[in-house]
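# Coordinates in review
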Amino acid sequence: MVDPEAIVFVVDDDESVRESLGGLIRSAGMRVETFASARQFLAGPRVDAPSCLVLDVHLPGLSGLDLQKRMAEGDIEIPIIFITGRGDIPTTVRAMKAGAVEFLTKPFHDHDLLDSIGQALERDRTARRRQAEMAELRGRYESLTPREREVMGLVVSGLLNKQVAAELGINEGTVKVHRGQVMQKMRAASLADLVRMSEKLEIPHTKKS
Amino acid sequence: MFKSDQRRIYGFWRSAAQFLFGGVILTLLTYVCFQFQANSTTVALIYLIVIVVVSLTSSFIPAAFVSIVAYICLDTFFTAPLFRPAMRELLDVVAPVTFLTTSFVITRLMSRVRKSFQEIQALKDQLRLAIDTIPGLVWSALPDGSAEFLNQRWLEYTGLSLKEGLDWGGKVAVHTDDLARFMDEWRAALAEGKPLETEARLRRADGEYRWLLVRVVPLRDETGKIVKWYGTSTDVEDLKRTEEALSKSHAELAHVTRVMTMGELAASIAHEVNQPLSAIMNNGSACLRWLNGAAPDLDEAREAARRIIRDGNRAGEVITRIRALLRKTDTEKARLDINQTVREVVMLTRNGAARKGVTLRMDLAADLPPVLGDRVQLQQVILNLVMNGVEAMTSTPGRPRELLIRSRPYESDKALVAVQDSGVGLDGQDLEKLFDAFYTTKPQGMGMGLAISRSIVEDHGGRLWASPNDGPGATFQFTLLKYQ
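These numbers were taken from a predicted model, which means no experiment stands behind them.

## A short note on the interface of chain A and chain B
Quoted interface sizes are often the accessible area lost when the parts come together. At the interface, 17 residues of chain A touch 22 residues of chain B. With eight residues, the single largest contributor to the side of chain A that touches chain B is helix H1 (residues 15-27) of chain A. Residues that form the side of chain A that touches chain B fall into these classes: six nonpolar, six polar and five charged.

If you want it as structure tokens, here you go:
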């Protein structure tokens, strides 16, 4: 369960709270990095590992919600767990709507925080996996020649080889060759597999109607 | 109408009586002098005396009548040839003319004098009436301080007779608790020749002691010597009662706003306690985890436990500070280090201010004299000014938000505390209106804070005022009397 790679960031202006959070998370066997302000956190280096952020809502200067917004704008996709001394409903709603994993009111039980951290890390892992998958797919797609991409677009929109040939004004045999290249380069096991990939890649269906 | 008729009738009989009186006296004198063969000069002198007497007691016409009759008698009975008028010599003309002229002049003069006397008497009566009627206790005293005059109101008020009042100078009516002080003040005023204004309780005729405002001023002659002391005493009992009631309701309101301010503080305090509490829980959990692991990490567990103690102490300090702020002290004023009071308030508000992005800075004079004040009330004043200052700055972006609290010795006998913000300032606001009750610029404000702060400061013999800064923001400052 414990991922030695995973790292938890903590941002809280109160030294005692910050230290105690660091200690608690370390005692659960996770790596942790603490920051006294949102700016300090933004200035720090990004890591290539599953991570999440434990963030105090009421920070002096740039507040927790401000930081959440900044991160969304800067494409920093780290799941956030908010902690606060006084949880008011409007702030909670705003934070959750903006995609926070959890909103905890201090003081909280250790397992509430650690469970949330587990969830957040899981979410990040999934996201990271999806991202890696997408990058892989995109790479495969980019390895196709322009003609192969045209063929792929028409095939996934449900056209038969003959129809594709007619559409492109080429020989049916040539279509078959292109199609075989596409299936191989995209590492698609079946036509259904290829369709799923095209959906993920959001490839436009090129059939002229 | 009836009255003036009566007066005319009275005047007529009076004149008639005077005519009769003049006639009888003249007749008697003439008879006596004739019997004694008095010479004409003696008789003329006697007649003149009669004329003087008559003109002193009556008006001009009877006196003139007596003069003429006297002359006729003189000419008839005492001037040769007797019993008939004669005009043989120059003397016979000069003598009667001289006599008549003299007697007329005397008559005239006398009636003038009499009239003046009457006027003076009327004036005196009027003055006396005025002094007795004006709604105040009026009295005068001699330069040595002994009572000389007491007006009717004074006598009615105290129920003392004039003799009693004058003998004791009213001392007997002064409340025993006030007498020594009052007499000291009175003697000091007499010695220095300075006007006196003081208050003392005086026993009213019905036995009730009531507060009187006593004012005395000296009257000096042209050389500057004090001739007399004039004093008035005004019953201020009802005024005093109203004042007391007002001050009581003020105190009640002060309590209400204090509770409200405490409410605002409570949020900040809750946070203050919550932080270490939350840290303690985290550290406790961490500590257990370190101990419960397959290979317990005692160093980490020890470190977590150490932090628990530290944060526990921190929470304890917060509680101690709140206790200090809420401590019930009686409202008696005592020797107070106002710098300490400022520090207490700043400690409690520092965090709340920081959360609003405001830094609190103190610049407290080391040589500040101790003041005479009520700790809790003055805490409230400072708390109020600090919170106002913080609030004023939260709506001003782009400026350094710093609230400066200064203390300084002020004039020779005062201490000054100033709270200076760099907030929205007081542009276009009436500086005095700020201190009116129910005047507020804040959406949640009740408009009591400054009004009550001012009444507290004034109750301490100090002054609270606001002034715009040269730069942005405003300064609220107050003075307090030095503890003697």
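## Let's talk about the sheet that holds strand S3 (residues 196-203) of chain B
Residue and element names in this part refer to chain B. Strand order across the open sheet formed by five strands is S2-S1-S5-S4-S3, with antiparallel pairing between neighbours. The open sheet terminates on both sides in strands that have one partner only, identified here as strand S2 (147-150) and S3. This sheet shows a mean twist of 25° between the axes of neighbouring strands, independent of strand direction. Bridge count for S3 against strand S4 (residues 209-220) is eight bridges, and the pairing is antiparallel. For Arg203, the partnering residue across the bridge sits in S4 and is Tyr209. Here helix H7 (residues 176-192) sits on the sheet in contact with S3 and S4, set at roughly 150° to S3.

## Points about the sheet that holds strand S10 (residues 414-420) of chain B
Residue and element names in this part refer to chain B. If you trace the five strands from one edge of the open sheet to the other, you get S7-S9-S10-S12-S11, paired in mixed fashion. Two strands close off the open sheet at either side, each with one partner strand: strand S7 (359-364) and strand S11 (464-468). If you compare each strand with its neighbour and ignore which way they point, the axes differ by 20° on average. Two strands pair when backbone bridges link them, and strand S9 (residues 402-410) and S10 are joined in this way by seven bridges, in the antiparallel orientation. Residue pairing across strands places Ser407 opposite Val417, the latter belonging to S10. Strands in contact with helix H10 (residues 338-355) are S7, S9, S10 and strand S12 (474-481); relative to S7, the strand with the most contacts, it is inclined by about 165°. Helix H11 (residues 375-394) rests against S9, S10 and S12 of the sheet, and its axis sits at about 145° to S9.

## Quick word on the packing of H11 of chain B against helix H12 (residues 449-459) of chain B
The packing of two helices is summarised by the inter-axis angle and the distance between the axes. Residue and element names in this part refer to chain B. Relative to each other, H11 and H12 sit at 145°, their axes nearing to 9 Å. Crossing geometry of H11 relative to H12 is assigned as left-handed. Along its contact with H11, which presents Gln377, Gln380, Val381, Asn384, Leu385 and Asn388, the element H12 presents Gly449, Ser453, Ile456 and Val457.

## Some details on helix H2 (residues 40-57) of chain B
Residues and elements named next belong to chain B. Over its 18 residues, H2 runs 26 Å from end to end, which matches the ideal 26 Å to within 8%, given 1.5 Å per residue. Of the residues making up H2, those classed as buried are Val43, Ala44, Tyr47, Val50, Ile51, Val54 and Ser55. For H2, the angular spread of the buried residues around the axis is 130°, confining them to a single face. Of the exposed residues in H2, the ones pointing more than 90 degrees away from its buried face are Thr41, Thr42, Leu45 and Ile49.

## A few points about the confidence of the model for chain A
Summarising the model, chain A shows a mean pLDDT of 88, and 96% of its residues fall at 70 or more. Confidence, expressed as mean pLDDT per element, reaches its minimum in chain A at helix H4 (residues 89-97) of chain A with 84 and its maximum at strand S1 (residues 7-11) of chain A with 95.

## Some thoughts on helix H5 (residues 110-142) of chain A
Note: α-helices contain 3.6 residues per turn, so residues at a spacing of three or four share the same orientation. Residue and element names in this part refer to chain A. Counted at 1.5 Å a residue, the expected span for H5 with its 33 residues is 48 Å, and the 47 Å between its end C-alpha atoms agrees. Along H5, the residues that are buried comprise Leu113, Ser116, Ile117, Ala120, Leu121 and Asp124. Those residues of H5 that are buried are in contact with S1, H1, strand S3 (51-56), strand S4 (80-84) and strand S5 (102-105).

## Some points on the nonpolar core
With 45 residues, the main nonpolar core has Val11, Val54 and Ile81 of chain A as its most contacted residues. A per-element tally of this core places helix H8 (residues 237-292) of chain B first, with seven residues. Not counting chain neighbours up to four residues away, the residues in contact with Val54 of chain A comprise Val8, Phe9, Val10, Leu21, Ile81 and Ile83 of chain A. Within the second largest apolar cluster, 36 residues are counted, among which are Leu348, Val390, Leu403 and Ile452 of chain B.

## Quick word on unusual backbone geometry
With an omega of -5°, the peptide bond running from Lys106 of chain A to Pro107 of chain A counts as cis. Here Pro107 of chain A shows up in the loop between S5 and H5. Phi at Asp75 of chain A takes a positive value of approximately 55°, unusual for a residue other than glycine. Among the secondary structure elements, Asp75 of chain A is positioned in the loop between helix H3 (64-73) and S4. On the basis of neighbour counts, which here come to 6 C-beta atoms within 10 Å, the residue Asp75 of chain A falls in the exposed class. Not every positive phi belongs to a glycine, and Glu411 of chain B is a case in point at roughly 50°. Note that Glu411 of chain B resides in the loop between S9 and S10.

## A short note on the packing of H10 of chain B against H11 of chain B
All names here are of chain B. It is at 9 Å that the axes of H10 and H11 come closest, and there the two elements cross at 40°. Accordingly, the angle class assigned to the pair H10 and H11 is oblique. When you trace H10 past H11, the crossing you get is right-handed. Taking contact as the criterion, the partners of Ile338, Thr341, Val342, Glu344, Val345, Thr349 and Ala353 in H10 are, on H11, Arg375, Leu378, Gln379, Ile382, Leu383, Val386, Met387 and Val390. Here the residues of the contact of H10 with H11 are counted per class, giving ten nonpolar, three polar and two charged.

Basis of the calculations
Residues numbered from 1 in each chain as written. Chains lettered and ligands numbered in written order. Predicted model: local features only at pLDDT ≥ 70, side-chain atom pairs only at ≥ 80, totals over all residues. Contact = placed C-beta atoms within 7 Å. Helix = DSSP H or I, 4+ residues; strand = E, 2+ residues; numbered from the N terminus. Nonpolar A, V, L, I, M, F, W, Y, C, P; charged D, E, K, R; others polar. Pairing = 2+ DSSP bridges. Axes fitted to C-alpha atoms, helices over the stretch in contact; angles between N-to-C directions. Left-handed = near helix turned anticlockwise from the far one by under 90°. Expected span 1.5 Å × (residues − 1). Buried ≥ 20, exposed ≤ 12 C-beta atoms within 10 Å, placed from the backbone. Arc of directions from axis to C-beta. pLDDT = per-residue confidence, 0-100. Core = buried A, V, L, I, M, F, W, Y, C linked by C-beta atoms within 7 Å. Parallel < 35°, antiparallel > 145°, perpendicular 65-115°, else oblique.

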